[in-house]
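Report on the structure
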Amino acid sequence: MIGHTPDGMEIAQDILQKMTARGWFVNARIGSELLTAASGETFGGFTTANYIWDTLQSRGVVPTLIAVKAYYKGLKERDIPESDPRLSQVTRVLNDLQRRFAPGRPM
């Protein structure tokens, strides 16, 4: 996902989908690193980051505070209404993590 090119993001998503189809997926640390990297995408629909987020959430894996902050920032840079369920969920997870690891600084 270096450089966040359209082709690179598509290849990354294809590989993640194949891993998921085979029942393989990453632990919280690797998932967080992938989410952080994918959240740097500035040109497209943010589909790779959304896919990683959705996969982590479906497996009950909570990403690191840094990864959630990066994903939140990426979502906020897009025209997403405040009432969007994904944005609401990310905000809730971010606030929970900040209360836990960075007291006094909720979003």
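Residues numbered from 1 in each chain as written. Predicted model: local features only at pLDDT ≥ 70, side-chain atom pairs only at ≥ 80, totals over all residues. Heavy atoms only, no water.

Glancing now at the packing of aromatic side chains. All told, the structure shown has two aromatic pairs when counted by the stated rule. Judged by centre distance (5.5 Å) and plane angle (10°), the rings of F46 and Y71 are stacked. With F46 in the loop between α2 (28–38) and α3 (47–58) and Y71 in helix α4 (residues 65–76), this residue pair connects regions lying 25 residues apart in the sequence. Each ring, one from W53 and one from Y71, has its centre 5.0 Å from the other, and the planes form 20°; the classification is stacked. (Phe/Tyr/Trp six-rings, centres within 6.5 Å; stacked < 30°, edge-to-face > 60°. Helix = DSSP H or I, 4+ residues; strand = E, 2+ residues; numbered from the N terminus.)

In this section: the packing of α3 against α4. Contact geometry for α3 and α4: axes closest at 11 Å, N-to-C directions at 135°. Regarding the angle of α3 to α4, the classification is oblique. Like other packed secondary-structure pairs, α3 and α4 cross with a definite hand, here left-handed. Facing A49, N50 and W53 of α3, the residues of α4 in contact are V68, Y71 and L75. In terms of residue class, the contact of α3 with α4 is built from five nonpolar, one polar and no charged. (Axes fitted to C-alpha atoms, helices over the stretch in contact; angles between N-to-C directions. Parallel < 35°, antiparallel > 145°, perpendicular 65-115°, else oblique. Left-handed = near helix turned anticlockwise from the far one by under 90°. Contact = heavy atoms within 4.5 Å. Nonpolar A, V, L, I, M, F, W, Y, C, P; charged D, E, K, R; others polar.)

Turning to the environment of F46, a few remarks are in order. Classification of F46 as buried rests on a relative accessible area of 1%. Distance in space between the C-alpha atoms of F46 and K18 is 19 Å, their sequence separation being 28 residues. In this structure, F46 is in contact with A38, S39, E41, Y71, G74, L75 and R78, ignoring residues within four places of it in sequence. (Buried < 20%, exposed > 50% of the residue type's maximum accessible area, 1.4 Å probe, protein only.)

What follows concerns the nonpolar core. Judged by nonpolar contacts, the single largest core of 25 residues is most densely connected at L35, W53, V68, Y71 and V90. Among the elements of the structure, α1 (6–21), α2, α3, α4 and α5 (85–101) are those that each provide at least two residues to this core. Ranked by residues supplied to this core, first place goes to α4 with six residues. Sequence-distant contacts of Y71, that is, excluding residues within four places in its chain, are made with L35, S39, F46, A49, N50, W53, R86 and V90. (Core = buried A, V, L, I, M, F, W, Y, C linked by side-chain atoms within 4.5 Å.)

Another point: α5. Along its 17 residues, α5 runs 24 Å from first to last C-alpha, staying within 8% of the 24 Å computed at 1.5 Å per residue. Along α5, the residues classified as buried are L87, V90, V93, L94, N95, L97 and Q98. Looking at the buried positions of α5, the neighbouring elements they touch are α3 and α4. Capping the start of α5, D84 holds a side-chain oxygen 3.1 Å from the backbone nitrogen of R86, two or three residues further along. (Expected span 1.5 Å × (residues − 1). Polar contact = N/O pair within 3.5 Å; in protein donor to acceptor, adjacent residues only side chain to side chain.)

Quick look at the side chain of R78 now. Note that R78 resides in the loop between α4 and α5. Buried within the structure, R78 lacks any salt-bridge partner; its nearest side chain of opposite charge belongs to E77, at an N-O separation of 4.3 Å. At 2.7 Å, the side chain of R78 forms a polar contact with the backbone oxygen of E41. Among the polar contacts made by the side chain of R78, one reaches the main-chain carbonyl oxygen of G74 at a distance of 2.7 Å. Not counting residues up to four positions away in its chain, the partners in contact with R78 are E41, T42, G44 and F46. (Lys, Arg positive; Asp, Glu negative; His and termini not counted. Salt bridge = Lys/Arg side-chain N within 4 Å of Asp/Glu carboxyl O.)

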